[in-house]
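Structural overview for review
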Amino acid sequence: MPRIMRTALRSLPVLVLVTGMAACTDGKSSSSSDSVAPGAATVTITLTDDGCTPSPATVTAGPINFEIKNSTATKVSEAELLRGDTIMGEKENLTPGLSGSFSLKLEAGKYQVYCPNAKTEKVDFTVSGSAAAGSSDPAVATALTGATAKYQQYVAAEVDKLLPATKTFTDAVRAGNLDAAKKAFAPARYYYEEVEPVAESFGDLDPDIDARIDDVDNVADWTGFHRIEKGLWEDRSTKGLAPIATKLDQDVAKLKTLVATVKFQPAQLANGATELLNEVASSKITGEEDRYSHTDLSDFEANVIGAQSAFQLLQPALEKIDPTLSSNVRQQFAAVLDSIKPYKKGDTYVDYTKVTEDQRRVLTQKVDALAEPLSQVAAKVTL
Amino acid sequence: MKASRRGFLLGGVAVAGAGVGGLAGHIAEPERAAPAPADRVSFYGARQAGIATPPQQRLAFAAYDLVTTDRAALRELLKTWTAAAAAMCAGQMVPGDSTTPAAPPADTGEAVGLSPGNLTVTIGFGPSLFDGRFGLAGKRPAALADLPHFPKDQIEAASSNGDLCIQACADDPVVAFHAIRNLARLGRGTVTMRWSQLGFGKAASASAAEETPRNLMGFKDGTRNIETADNDLMDQHVWVGSEGEQAWLRGGSYLVARKVRMKIEAWDRDYLSDQEAVFGRTKVSGAPLTGGKEHDDPNFAAKDSSGRPVIPMDAHMRLAAHENNGGLRILRRGYSYTDGMFSDSGELDAGLFFIAYQKDPRNQFVPLQRKLAANDALNEYIEHVASGLYACPPGVSTSGDFWGSALFA
């Protein structure tokens, strides 16, 4: 059953066409071009232990559906599409006999298909030409293009603030000043949490900066904010934390270099915003994120502000495309931000353990009420 | 698009085939020829389906609270829900776009490839919906009076009542769950789910031609349920008629839900003749203790050789029988449930999710339950832990109409 289901779901993106075709060709034989989805090219990637070759190796820019299958490969179980160091899309856990897919809208450029553990791990993949503009209103297209450029600036600006805020934190750790370090922890994280989905696209960087203890195989390899958080709050000591602090500085510096190279698509802004809210629901409201310091509400606010910033850039275009959705999302953002106001205490938030189960349930419901319509935005702003 | 879920699956396979062999034209054909599935209950009609419908195997029940006070938003929600319920009952996907790669699909997908499974989706309106938030205070029927506290009630407020309820029943548990899940999703921002209960096996039948399903105590309870094919009985006991002062509810009914926890471990230790005395029935055959077969009328006057009633005075069946309640009857439509086990005691958490339909709970469920709560021998082994009362509007006749539209007229 799971496999049948997988097959059915994998085919969702192209199904409308077949239904439509069946109706309009009725009895006539269909030419092979009928079986190609409108605009969406399909690239097949077969996982083998030697490597994984995309077929075809070159496609025209636009929506592309990647179908990945593993018939026999035992050493390889995933395929990633990379542009430089950025993971554009991936499918994991494909053991022999399984298949999966992901869909992306790609612009022209050089990409690589990356299959970890294969004999040849990376194979080139080329996207040629340029995608046809999907929006008939040039003003909308311009607004969306403008939004992506502004989001790039926003991300760069927030990462610029992340560096000194992190330094304040790590300096205190290196100086052995426990109180100062504790005080600087949440403010430094704030800038990271605002742009986390962007950081997550850079492979190991996010785990290095933000992994929690249960994310790592070996606790000795654990680095980043939460490793230091455990030291400060649970072990109540900065002993042994200086090297971790220094690595954290290096990692956020690396992040700054990498974000300067990233370009975004409007749908990525919207889906990234939804991801931020999923982060809120899955790890902040549960209290898992900052389990030693209980500063979860600061991260909560940062995630929501990061999502709102992305949304606000899309808003002018969305107003034209779907004003009802736009105003709904705008109101729900306000409702979520209102819902955490009562927990604000000066510049910070109350210790999260003070928030009762009933209050957490209300917070989850507010976040769900926002994330659901927000998840509809990406489809509206796809160029 | 209105692809049937099965057609959707076939179509999906066709495309997958097209990728390798270009056979789409041939493989897509079965979809055109696919007949309407036999296990489909019509959503549209003068009455809501799911009341007179013969009970399906599985239940997914959910209660929802409005988080808005906007009357227009409530109306919009009911329209959206009606359209989605109609589609799901027809074995179609939730309306909307399920194909854009950059967006989450409108349908959550777990029922793709499954037949309708006789799915019915039935809505009810709780007393709190008429509290004034939506300008509906004047539309509250007198019979939608809050249920009183009954002796021994251990009702948990967090899993009781609610502004709206949805009873989704199907022969496939995934299809039933898919319904309450997708309605919750469509309602996000307008409603939150207040509580929810799954039932894994029907515990009522709607026809004497059918064997009565057993409850988790191993007994056939409710063998003399109203036969839903009997229109006179349905009009007399179940459907709200012209006697109701609220015209919008005529053709509807009242749903009472009670989560009845069974003290399974204690019951299983009770000796057979006592178990039979508690119900007033023979355990294996289901017949009354006075003999015959399961659907036969009991003889409440019969005495044993020592002059004691054969069916004890506190037997569940004697107390509930219509002969002993001035002809009072309800339509039972409950399901066995389990929520696993109690982590504190290690005992099973299971029982009966009792559902009953009636035309006026003030004259039906309430007096009956008062009597049972005070006298029933069964009370030693059960506990009512959740409760809900809802007014179920009449059916939706056409695809332009929606649940409860008369409330907004």
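Structure: above.
Keep in mind the model is a prediction, meaning the values are calculated, not measured. Note that residues are indexed from 1 along each chain, following the sequence as it is written. By the order in which they are written, chains take letters starting at A while ligands take numbers starting at 1. Selection of residues for local features in this predicted model requires a pLDDT of at least 70, selection of side-chain atom pairs for listing and counting requires 80 or more, and totals for whole chains, interfaces and linings are taken over all residues.

1. Points about the overall build of chain A
Helix and strand counts for chain A come out as 13 helices and 11 strands. Neighbour counting defines burial: a residue surrounded by 20 or more other C-beta atoms within 10 Å of its own C-beta is buried, one with 12 or fewer is exposed, and intermediate counts give partly exposed, using backbone-placed C-beta atoms. The burial tally for chain A puts 43% of its 383 residues in the buried class. By definition, any uninterrupted DSSP run of H or I lasting at least four residues is a helix, any uninterrupted run of E lasting at least two residues is a strand, and each is numbered from the N terminus.

2. Quick look at helix α4 (residues 71–89) of chain B
All names here are of chain B. Taking 1.5 Å per residue, 19 residues should reach 27 Å; α4 reaches 27 Å between its end C-alpha atoms and fits that length. Turning to α4, its buried residues are Leu 74, Leu 77, Leu 78, Trp 81, Thr 82, Ala 84, Ala 85, Ala 87, Met 88 and Cys 89. The elements touched by buried residues of α4 are β1 (58–66), β2 (120–125), α5 (173–186) and β4 (191–199). Gly 91 sits one or two residues past α4 and shows a positive phi near 80°. How far a helix is expected to stretch is found by multiplying one less than its residue total by 1.5 Å. This entry defines residue contacts through backbone-placed C-beta atoms, with two residues in contact when those atoms are within 7 Å.

3. Focus on the packing of helix α4 (residues 178–194) of chain A against helix α10 (residues 296–321) of chain A
Residues and elements named next belong to chain A. Axis geometry follows a simple rule: fit a line to the C-alpha atoms, using only the stretch in contact for helices, then measure angles between N-to-C directions, giving values from 0 to 180 degrees. Taken N-terminus to C-terminus, the directions of α4 and α10 make an angle of 30°; their axes are 8 Å apart at the nearest point. Put simply, α4 runs roughly parallel to α10. The element α4 and its partner α10 pack so that their crossing is right-handed. Of the residues in α10, those touching α4 at Ala 186, Arg 189, Tyr 190, Glu 193 and Glu 194 are Ser 298, Asp 299, Ala 302, Asn 303, Ile 305 and Gly 306. Class assignment of the residues belonging to the contact of α4 with α10 gives a composition of 4 nonpolar, 3 polar and 4 charged. Our angle categories are set so that under 35 degrees counts as roughly parallel, over 145 as roughly antiparallel, 65 to 115 as roughly perpendicular, and the remainder as oblique. By definition, any crossing whose near helix is turned counterclockwise from its far helix by less than a right angle is left-handed, and any crossing with a clockwise turn is right-handed. The classification used treats Ala, Val, Leu, Ile, Met, Phe, Trp, Tyr, Cys and Pro as nonpolar, Asp, Glu, Lys and Arg as charged, and all other residues, Gly among them, as polar.

4. Some points on the sheet that holds strand β6 (residues 86–91) of chain A
Residue and element names in this part refer to chain A. Two strands qualify as a pair provided that DSSP identifies no fewer than 2 bridges between them. Strand order in the open sheet formed by 5 strands is β3-β9-β8-β5-β6, and the pairing between neighbours is mixed. Each having just a single partner strand, β3 (58–60) and β6 make up the two edges of the open sheet. Strand-to-strand, the axes of this sheet are offset by a mean angle of 25°, without reference to chain direction. In the sheet, β3 pairs with strand β9 (residues 122–128) via 3 bridges, with the strands oriented parallel. Pairing of Thr 58 across the sheet is with Thr 126, part of β9.

5. Let's talk about unusual backbone geometry
Residue A:Pro56 follows A:Ser55 across a cis peptide bond; omega there is -5°. Topologically, A:Pro56 is positioned in the loop between β2 (52–55) and β3. Residues other than glycine seldom take positive phi values, yet A:Asn117 does so here, at roughly 80°. With respect to the secondary-structure elements, A:Asn117 resides in the loop between β8 (109–114) and β9. We note that B:Lys152 has phi near 70°; this positive angle belongs to a residue other than glycine.

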